[in-house]
Amino acid sequence: MIGKDKLFSTFEKVAKSSRADETEIVFIGNTSGLTRFANSTIHQNVNETNAKILFRVVFGKKIGVAATNSMAINDLRATLKNAIEIAKYQKDNKYFIGLPEPADYAEVDTYFENTANYTPKERARMVKKVFIRGNKRKFTCAGSFSSGDGEIAVFNTKGVRCYQPVTSASINIIAMSDTSSGFAICLSRNIDNIEPPALADIAVEKAFRSKKPKPLPPGDYEVILEPSAIAEIFEWVNYIGLGSKSFLDKTSFLSENIGRKVMSDSISFYDDGTDPEGIALPFDFEGVPRQKVYFVEKGVGKGVVFDRTAGNRHGVGSTGHAVTADEQGEGAIPLNIFIDTGDKTREEMISSVKKGILVTRFHYINGFIDTPKAVLTGMTRDGTFLIEDGQIKHGIKNLRFTDSILRAFSTVKGISRDRRPIPSWWDAVGCLVCPTVHLGSFKFTGTTDF
Amino acid sequence: MKNKFGNVLDWLKSKSVEYADCRYVRAEKESIRVTDGIVDTLSRDVDVGVGIRVLYNGAWGFASMASIKESDIKKTANKALQTARASASAKKDNVKLAGQEAFKDYYKSPCEKDPFLVPVDEKIGLLLEISDRLKSNELIKTAEASMDFFKTNKIFCSTEGAEIEQDIIESGSGYSAIAFDGNEVQKRSYPNSHRGDYATRGYEFIEEMHLLDYVDKTREEAIELLTAEVCPDTEADIIICGSQMALQVHESCGHPSELDRVLGTEISLAGGSFMQIEGLNDLIYGSPIVNIYADATIPGALGSFGYDDEGVKAQRAPIIQDGIHVGYLTSRETAPVIGQKSNGTMRADGWNRLPLIRMTNINLEPGEWELDDLIADTGSGIFFDMNKVWSIDDRRLNFQFGVECAREIKDGKLGRMFKNPLYTGMTPKFWNSCDAICNKNHWHVWGVPNCGKGEPMQTARVAHGAAPARFRKVKVGVSK
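Quick caveat, the model's predicted, so the values are computed rather than measured.

This next bit is on the nonpolar core. Counting 63 residues, the largest nonpolar core has Ile238(B), Ile292(B), Tyr423(B), Trp431(B) and Phe471(B) as its most contacted members. In contact with Phe471(B), other than residues within four places in its own chain, are Ala236(B), Asp237(B), Ile238(B), Ile240(B), Met245(B), Phe430(B), Trp431(B), Ser433(B) and Cys434(B). Counting residues in each nonpolar core, the second largest holds 61 residues, with Ile174(A), Met176(A), Leu242(A) and Ile422(A) among its members.

Structure follows, in structure tokens:
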């Protein structure tokens, strides 16, 4: 950890030599470790200390961006020079409205010493406990366990000084037999909230109950989708529909549906970068405070997120969801997506199903089939079960679904009153916080051999 | 750098490591993208650091740091050693590496015109012209055109005495048009979807694409798709274009032939493989005309290099021969499991990542057919053109792929356009239904710049040589 004072004093020094009208420096640094295991042995164990320092310089409406991973003053100055050189060749971006002024952002506790100080040896000790839990019931275990700390800082010559120290830890576990597998996952900024042996028990139980799975024909079924399955769906819903680019490109299912009913009344989901129930980060990579933004509220399309440039293009302000300057062509995206809870327990929902399917998680979802209708396809994996007469009967072979998420989530029969943070590819700076959801109709269109 | 690595490797040897290697990587990237006449991405990124891999007491440790100071390299080596000790505390069997000649060599990818020396305004000018021409019809809602360039210098040294330096330049470009008529949204791309085509070549590769020649066709096809009929749900004989065949090879043969995946070490994220060791030299993967091989030696192909990140020389290796599964992509650790030496496919996404088995250029050998003859011979069917959707199960069996555009084959000719086309199947059954592959006139090595694998996630740049091919009685759509 470099620290707020040293980072900003270094950036002040470097920015003084900038000839640009405005200069922005964003720092993203991390020291992290990850232990990977499979066949109940550790096969990869890695550590990384790295940083990315991005310069964005502004000449009128011309922008240049350059990045380095070295904090050496000479390298920082060379990168600034590179950004200025690039800006010379730029064309005016008519939608750009300059870098932001300073603004207050929420105070959120995102740093936990225990997580920062967690060692490879401690990760190995926990992973061994996972193996023991698996071995007891004759299952092998695979997965990964990561921990680390980092710093995110946004500096600009208009006075923005945003700084957030962060930690995060996550584990995923798959328990496996010859014919089945089960899955469990946990994510937290505080490693003390992660209990690998207890998670191993969940994965093992799922693998045990899904042994020798039976085939089930494709068709339209009631489903209970557990939090990981919901997160995988909404990760794609985000990708194709909740950011400014897809909205403005008209490829989002929300582009033509603001104010219109798109899902069941019981469905609301939003982004909130300040809620510690997720992986909070209270400002974006331009230094704008993150606002709470509803995408769908009580089933009705509400809006998407914007950065300053896309917000100006659409005639609205930034919602505080800018990505780093080198990625801003992709527009603003939400990073902390929350799906509102309901009033049921998982068990109550299962007991209400006459015939249906319980899905632990999905694999390899793709949502580019028909994005305005949010049609997704993907496979189930690691614990798919037949429910009959309110009871989990047995494991079933994995199924492919192909369905419009707007249609399927217009058939909601229940939502759990608890929800959990599930990591995604952007898990250092966000996640999806998801409940278990009971849908009345979900279309499975194919099967596989296991 | 080699001297610094020598000192650190000597120190590691003094700590009784069984094996260690050090990798220095300096990676430079330039990205340019024009959207609707605005340059919304123009950035350069320089990333430098060192990664050290240590095998101690039969277990691996890896550490990396964004520094090239000798004191930091030694600290990193010590961290890798401590991490290997931690791994050893939870090991089952000792890691054993296949034997390997310790090369001392230098490799440089072919490059006639360094893309980093081509004036930025020349590159922007081309992309702006493409964007403007794509937008020349009001039904085009968004026009995007992009270029990406990578320049990588790598130095690899090992305790076995290897000293390898490589300089690799990669270039790529592509564009797309999104059409919107107030109701329907459709997209067409050139020369391929997902940011175009890529190669380990210089700016001459971009020039040879003749990007401007295909702008009008791309725009008009995006508009035509708006009023096209939805692709029917049916069972049909289908012809798949070359770039989509590249994706088909990638997902249904490239990934499942990675031996680390077969041995279960990728199961928690990307999944396993149906191409199990018991089936080696026995599994009927496809029809007798299906021949697929890995070849990292094709000059200029995106998956080509001199040596992999374990110091193994680039090579060609068969995977499917006359329809039979005969080989895997291997590493020094996994190859001994099947009694072989590594065929050189271990690559890392930068200094801060551990090398994994990655595809190189995984190619489907060309067949005998001219495309027009194949369409004529098919009589009735559907032609699938350019990837849009990809999804496959975690053993690589059940797949469902979609393309940007399909055309009906009627009376041996291409006819009306279909939108939102999907086809689906089970991998071996599908490849066994392959009865015709187009010849070398239609064969091209397609660069795929974004292959994901591993935890932490790594992105590899790989490629696939492929030509259009025909498959019989394939399920098209999802309702029937």
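The rest of the description comes next.
Across the contact, 76 residues belong to chain B and 74 residues belong to chain A. Summing both sides of the interface, chain B and chain A together bury roughly 6400 Å²; the carbon and sulfur share of this comes to 52%. The largest contributions to the chain B side of the interface with chain A come from Arg44(B), Ser268(B) and Glu455(B), which together make up 9% of the buried area. Here chain B and chain A share 7 salt bridges between them. Across the salt bridge formed by Glu330(A) and Arg33(B), the nearest N and O atoms sit 2.8 Å from each other. Counting across the chain B and chain A interface gives 47 residue pairs in polar contact (both at pLDDT 80 or more). Top contributing element to the side of chain B that touches chain A by residue count: strand S2 (residues 38-56) of chain B, with 11 residues. Relative to S2(B), strand S3 (residues 62-68) of chain A runs parallel, the two sharing 3 bridges. Residue pairing in the sheet places Ala67(A) in a bridge with Asp45(B) of S2(B).

Residue and element names in this part refer to chain B. With respect to the helices and strands, the residue Lys113 is situated in the loop between strand S4 (104-108) and helix H3 (120-134). Note on Lys113: relative accessible area 34%, which makes it partly exposed. Between the C-alpha atoms of Lys113 and Leu134, which are 21 residues apart in sequence, the distance is 27 Å. Apart from the residues within four sequence positions on either side, Lys113 is in contact with Val118, Gly202, Tyr203, Glu204 and Glu207.

What follows covers the packing of aromatic side chains. A full pass over the atoms with the stated rule returns 36 aromatic pairs over all chains. Look at Phe149(B) and Tyr203(B): their rings are 6.0 Å apart centre to centre, the planes differ by 45°, and that puts the pair in the tilted class. Separated by 54 residues along the polypeptide, Phe149(B) in strand S5 (residues 140-158) and Tyr203(B) in helix H4 (residues 203-208) bring together distant segments of the chain. Each member of the pair Phe149(B) and Tyr203(B) is classed as buried. Ring geometry for Phe430(B) versus Trp431(B): centroids 6.2 Å apart, planes at 85°, classification edge-to-face. Of the two residues, Phe430(B) and Trp431(B), both sit in the buried class. Members of the aromatic cluster, connected to one another through ring pairs, are Phe274(B), Tyr285(B), Phe384(B), Phe399(B), Phe401(B), Tyr423(B), Phe430(B), Trp431(B) and Phe471(B). A cation sits over an aromatic face here: Arg137(A) above Phe208(A), 4.8 Å from the ring centre. Over the aromatic face of Phe103(B) sits the side chain of Lys313(B), whose NZ or CZ is 5.7 Å from the ring centroid.

What follows concerns the packing of helix H4 (residues 120-136) of chain A against helix H5 (residues 196-209) of chain A. Residue and element names in this part refer to chain A. At a closest axis distance of 9 Å, the pairing of H4 and H5 adopts a crossing angle of 30°. The angle between H4 and H5 places the two elements in the roughly parallel class. Two packed elements cross with a definite hand, and for H4 against H5 that hand is right-handed. Together, Met126, Lys129, Val130, Arg133 and Gly134 of H4 and Pro196, Pro197, Ala200, Asp201 and Val204 of H5 make up the contact between the two elements. By residue class, the composition of the contact of H4 with H5 is 6 nonpolar, 1 polar and 3 charged.

Bringing the sheet that holds strand S13 (residues 324-325) of chain B into the picture now. Residues and elements named next belong to chain B. Pairing in this open sheet of 4 strands is antiparallel, and the strands run S13-S12-S11-S16 from one edge to the other. Looking at strand neighbours, the two that pair on one side only are S13 and strand S16 (362-364), the edges of this open sheet. Pairing of strand S12 (residues 316-321) with S13, which is carried by 2 bridges, proceeds in the antiparallel orientation. Of the residues in S13, the one forming a bridge with Gln321 is Ile324. Contacts between helix H6 (residues 242-254) and the sheet are confined to strand S11 (292-295), S12 and S16, with S16 contributing the most and set at about 120° to the helix.

To continue, consider the packing of helix H1 (residues 4-15) of chain A against helix H2 (residues 73-88) of chain A. For any two helices packed against each other, the geometry is given by the interaxial angle and the distance between the axes. All names here are of chain A. Packing of H1 against H2 leaves a shortest axis separation of 10 Å and a crossing angle of 50°. Comparing their axes, H2 and H1 come out oblique. Judged by the sense of rotation from one axis to the other, the crossing of H1 with H2 is right-handed. Where H1 abuts H2, its residues Thr10, Lys13 and Val14 lie against Ile73, Leu76, Arg77 and Leu80. Across the contact of H1 with H2, the residue classes break down as 4 nonpolar, 1 polar and 2 charged.

Residues and elements named next belong to chain A. Evaluation of the coordinates by the stated rule reveals 72 salt bridges over all chains. Notably, a salt bridge pairs Lys413 with Glu222, separated by 3.4 Å at the nearest N-O pair. Of this pair, Lys413 sits in strand S16 (residues 412-422) while Glu222 sits in strand S7 (residues 219-225), placing them 191 residues apart in sequence. Exposure remark for Glu222: the relative accessible area of 15% places this residue in the buried category. Put simply, Lys261 and Asp265 hold a salt bridge, and the shortest N to O gap is 3.0 Å.

With that out of the way, let us pick up the confidence of the model for chain B. On average, residues of chain B score 97 in pLDDT, and 100% of them are at 70 or above. Model confidence for the complex: the whole-complex pTM is 0.96, and ipTM, which rates the interface, is 0.94.

Moving on, we get to helix H5 (residues 215-226) of chain B. Residue and element names in this part refer to chain B. With 12 residues, H5 should cover 16 Å at 1.5 Å per step; its first-to-last C-alpha distance of 18 Å lies within 8% of that length. Every buried residue of H5 is listed here: Val215, Thr218, Arg219, Glu221, Ala222, Ile223, Leu225 and Leu226. Packing partners of the buried residues in H5 comprise H3, S5, strand S6 (163-180), strand S7 (185-190), strand S18 (398-410) and strand S19 (413-419).

Turning next to the side chain of Asp260(B). All names here are of chain B. Checked against the element boundaries, Asp260 lands in helix H7 (residues 259-262). There is a polar contact of 3.0 Å between the side chain of Asp260 and the side chain of Lys453. With near-sequence residues (within four places) excluded, Asp260 lies in contact with Thr265, Glu266, Thr334, Leu356, Ile357 and Lys453.

Residues and elements named next belong to chain A. Within S7, 5 of the 7 residues are buried, leaving the element largely enclosed by the surrounding structure. Judged from the 6 bridges that link them, S7 and strand S17 (residues 431-447) form a sheet pairing that is antiparallel. If you follow Leu225 over to S17, its bridge partner there is Val437.

Let us look at the pairing of S3(A). Residue and element names in this part refer to chain A. With respect to burial, S3 is a largely interior element, 6 of its 7 residues being buried. Here strand S2 (residues 41-59) pairs with S3 via 7 bridges, running antiparallel. Bridge pairing in S3 places Val58 opposite Ile63. In this structure, the hairpin formed by S2 and S3 is closed by a connection of 2 residues, where Gly60 is found at a positive phi of approximately 60°.

What counts and how
Residue positions are given per chain, counting from 1 as you read along its sequence in written order. Chain letters start at A and ligand numbers start at 1, both assigned in the order the entries are written. Where totals are concerned, whole chains, interfaces and linings use all residues; where local detail is concerned, this predicted model gives features only for residues with pLDDT of at least 70, and gives and counts side-chain atom pairs only at 80 or more. Only hydrogens and water are removed before side-chain values are computed, so all heavy atoms of the structure are retained for them. Buried Ala, Val, Leu, Ile, Met, Phe, Trp, Tyr and Cys residues form a nonpolar core when they are joined through side-chain atoms within 4.5 Å. Here's how the labels work: a residue is buried when its accessible area is under 20% of the maximum for its type, exposed when over 50%, partly exposed in between, all with a 1.4 Å probe on protein chains only. Throughout, a residue-residue contact means that at least one pair of heavy atoms, one from each residue, lies within 4.5 Å. Accessible area that two parts lose when put together, evaluated with a 1.4 Å probe and summed over both, is termed the buried area. Whenever Lys or Arg places a side-chain nitrogen within 4 Å of a carboxyl oxygen from Asp or Glu, that contact is recorded as a salt bridge. The term polar contact refers here to a pair of N or O atoms within 3.5 Å; inside protein, the definition further demands a hydrogen-donor-capable atom paired with an acceptor-capable atom, and it admits residues adjacent in sequence only when both atoms are side-chain atoms. Secondary structure elements follow DSSP: runs of H or I of four or more residues count as helices, runs of E of two or more count as strands, with numbering from the N terminus. Only when DSSP finds a minimum of two bridges between them are two strands counted as paired. A pair of aromatic rings is counted whenever rings of Phe, Tyr or Trp (Trp by its six-membered ring) have centres within 6.5 Å, and the orientation is called stacked for planes under 30 degrees apart, edge-to-face for over 60 and tilted otherwise. Here, a charge over a ring means that NZ of Lys or CZ of Arg falls within 6 Å of the ring centre while also lying within 35 degrees of the ring normal. The axes used here are C-alpha line fits, helices contributing only the stretch in contact, and every angle between their N-to-C directions lies in the interval 0 to 180 degrees. For classification purposes, angles smaller than 35 degrees are called roughly parallel, those larger than 145 roughly antiparallel, those between 65 and 115 roughly perpendicular, and all remaining angles oblique. Handedness of a crossing is defined here by the sense of rotation of the near helix relative to the far one, left-handed for an anticlockwise turn of less than a right angle and right-handed for a clockwise turn. The nonpolar class holds Ala, Val, Leu, Ile, Met, Phe, Trp, Tyr, Cys and Pro. Asp, Glu, Lys and Arg form the charged class, and all remaining residues, Gly among them, are polar. The predictor attaches a confidence to each residue, called pLDDT, with possible values from 0 through 100. Expected helix span is given by 1.5 Å per residue-to-residue step, counting one fewer step than there are residues.

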